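# A closer look at the structure
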Amino acid sequence: MQVWDVIVLGAGCAGLTLVNEMIARGEAQLKILLLEERSEYTNDRTWCFWNTFNHRFENAVSYRWSRWSVHYAGEVAHCRGTYQYQYLRAEHFYRLALAPIYCSSKMILRLGEQVQTVQEGEDHVRIHTHQGTYTSRYVIDTRPTDHQRRKVVPPNVHWLQHFMGWKVKTKQACFQSNEVTLMDFDGGREAAEIHRASSKYIDGPLPGIPFIYVLPFSSTEALVESTWFGPKTLEKSIYQEHLQKYLQKIETGTYDITEQEYGVLPMSTLSTNMQPTRRIRHLGLAGGAARPSTGYAFLAIQRQAQKLADQLLRGEWDRFPNYYSARSQLLDATFLRVLQENPRRGPELFWRLFRCAKPDALVRFLADTASLKDLWEVTTCLPPGLFLKQSLFPNFSQKKEIETIQI
Ligand SMILES: Cc1cc2nc3c(=O)[nH]c(=O)nc-3n(C[C@H](O)[C@H](O)[C@H](O)COP(=O)(O)OP(=O)(O)OC[C@H]3O[C@@H](n4cnc5c(N)ncnc54)[C@H](O)[C@@H]3O)c2cc1C
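Quick look at the structure, then. (Residues numbered from 1 in each chain as written. Predicted model: local features only at pLDDT ≥ 70, side-chain atom pairs only at ≥ 80, totals over all residues. Heavy atoms only, no water.)

Another aspect to go through is the overall build of the protein chain. What the protein chain contains, in helices and strands, is ten helices and 15 strands. Over its C-alpha atoms the protein chain spans a radius of gyration of 22 Å, differing by no more than 12% from the 22 Å that the globule rule assigns to 407 residues. Projected onto its principal axes, the C-alpha coordinates of the protein chain cover approximately 65 × 55 × 45 Å. For the protein chain, buried positions account for 57% of its 407 residues. Looking at the protein chain alone, contacts between residues at least 24 apart form 78% of all its contacts between residues at least 6 apart. Roughly 18,400 Å² of accessible area belongs to the protein chain as shown, and the carbon and sulfur atoms make up 49% of that amount. Within the protein chain, one finds 48 positive and 42 negative side-chain charges whose respective centroids are separated by 4 Å. (Helix = DSSP H or I, 4+ residues; strand = E, 2+ residues; numbered from the N terminus. Rg over C-alpha atoms; globule rule 2.2 N^0.38 Å. Buried < 20%, exposed > 50% of the residue type's maximum accessible area, 1.4 Å probe, protein only. Contact = heavy atoms within 4.5 Å. Areas by Shrake-Rupley, 256 points an atom, 1.4 Å probe, with all protein chains shown as cover. Lys, Arg positive; Asp, Glu negative; His and termini not counted. Charge placed at Lys NZ, Arg CZ, Asp CG, Glu CD.)

Here strand 2 (residues 32–35) shows no split at all, with Ile-32 and Leu-34 on one side and Leu-33 and Leu-35 on the other all buried. The pairing of strand 1 (residues 3–9) with strand 2 spans four bridges and is classified as parallel. Note that in strand 2 the partner of Leu-9 across the bridge is Leu-35. Pairing between strand 2 and strand 6 (residues 107–110): four bridges, direction parallel. Counted as the bridge partner of Leu-34 is Leu-109 from strand 6. (Pairing = 2+ DSSP bridges.)

Summed over all chains, the structure comprises 25 aromatic pairs. Taking 5.8 Å as the distance between ring centres and 65 degrees as the angle between the ring planes, the aromatic pair formed by Tyr-63 and Tyr-87 counts as edge-to-face. Of this pair, Tyr-63 sits in strand 4 (residues 61–72) while Tyr-87 is found in strand 5 (residues 75–89), placing the two residues 24 residues apart along the sequence. Relative to Phe-350, the ring of Phe-229 has its centre 5.7 Å away and its plane inclined at 55 degrees; by these criteria the two rings are tilted. (Phe/Tyr/Trp six-rings, centres within 6.5 Å; stacked < 30°, edge-to-face > 60°.)

Within a sheet, each strand pairs with its neighbour through backbone hydrogen bonds, oriented either parallel or antiparallel. Reading across the sheet, the eight strands line up as 3-5-4-11-12-13-10-14 and stay open at both edges, with mixed pairing between neighbours. Looking at the sheet topology across the chains shown, the edges are occupied by strand 3 (46–50) and strand 14 (255–268). Averaged over all neighbouring strand pairs, the angle between strand axes comes to 25 degrees, with direction disregarded. With ten bridges connecting them, strand 4 and strand 5 associate as antiparallel partners. For His-71, the partnering residue across the bridge sits in strand 5 and is Val-76. Along the sheet face, helix 4 (residues 236–249) touches strand 10 (158–170), strand 11 (180–184), strand 12 (209–218), strand 13 (221–230) and strand 14 and points at about 45 degrees away from the line of strand 10. (Axes fitted to C-alpha atoms, helices over the stretch in contact; angles between N-to-C directions.)

Printed below as a string of structure tokens:
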């Protein structure tokens with residue numbers, strides 16, 4: 001019976017990044033098997049993030065912007081920083097990440113292997129898939145958990161970032177290609193109308209904070225997303241109508257939808273419901289990689305995979321690194337509680353951050369690499385009363401239901 005050193009369950013962003021980091025370190029010491037349920041890789045998502053450090057997949061980045069903006073109440077906060085906002089297509093990431101694995105004799109990827117059960121024994125773990133049974137000393141599990149079914153006890157907050165994106169090609173020029181629209185809350189106003197008009201939700205509260213996100217590739221091509229921060233996902237028709245209304249508003253004229261994406265990411269103070277055991281650890285979104293206040297995960301996965309590869313090569317299985325510093329976790333928990341308690345102020349709070357804070361300081365803050373000076377710069381942009389109350393008395397006014405949002 002072959003016993004692998006490590007079996008990685010799921011070869012998506014986290015699994016492939018970890019193995020690439022191992023290969024880059026010389027790979028000779030450990031034999032790793034990756035079990036992935038899909039039988040082929042497609043362009044199933046796009047990643048965007050600020051390049052606060054060099055990652056292994058720089059060569060796969062297709063677009064870079066150094067300007068971004070936030071729109072609120074008819075005003076626009078334009079930001080320009082030294083960090084670039086990068087756009088990486090999954091198809092390019094997979095191509096780059098798979099090449100060294102296919103050349104390696106120690107790292108084996110098996111596609112079409114849907115993991116059914118994982119049995120942990122005293123000195124090994126046994127994995128059963130439809131194709132067979134595999135044994136290893138350790139397991140790193142990156143299979144997604146269900147973010148939408150979590151038991152939440154206050155003062156924890158478990159929100160979701162949920163979005164639908166269309167890559168559109170228009171006939172007439174209507175996008176400003178050198179600036180990303182990170183959050184257009186004015187575009188969120190249409191979402192409120194659509195939501196109210198939807199028969200199912202008559203008189204119900206608006207479940208979250210909607211906005212439009214635009215990644216412009218040229219004056220006639222962009223990825224436009226209907227994005228919501230809130231406790232639950234919506235019917236697909238609501239995102240679609242939101243996108244249609246926004247495109248109408250910016251007067252695109254006729255357009256073709258060339259690609260679509262949909263995602264649900266956790267924005268949560270519950271890092272993961274999967275407890276590590278002696279021989280099984282979780283990595284990627286399943287391990288709590290999504291930043292609680294934003295849902296961004298790509299860069300955190302890169303950083304974590306680098307640390308983990310170093311530790312695995314040193315045989316330090318027990319010292320699995322945390323994704324985010326205790327300081328970030330505390331600040332994010334406070335921010336999420338403030339949003340949950342005061343959703344109608346959400347747009348204004350984001351606006352204040354992007355309008356007042358220096359762009360580089362804010363980006364470092366979002367990337368969990370803020371200095372004390374950055375921290376001061378960012379936190380002093382926010383109304384102190386709201387935040388002090390939530391950080392000092394997190395249980396003070398936990399509401400059972402989300403407040404109705406008037407946009
Ligand atoms: C549409 C979308 C857009 C996103 N955009 C951004 C962004 O712009 N910026 C950002 O920072 N983050 C973004 N994210 C969040 C995050 O970076 C990604 O979700 C990222 O892919 C997470 O990596 P992961 O390895 O944890 O999960 P995945 O990449 O989803 O990998 C998990 C793997 O496990 C496999 N698997 C599942 N079940 C089984 C099973 N039973 N057996 C074997 N294999 C299994 C899956 O097929 C998959 O390959 C986005 C997410 C989505 C869905």
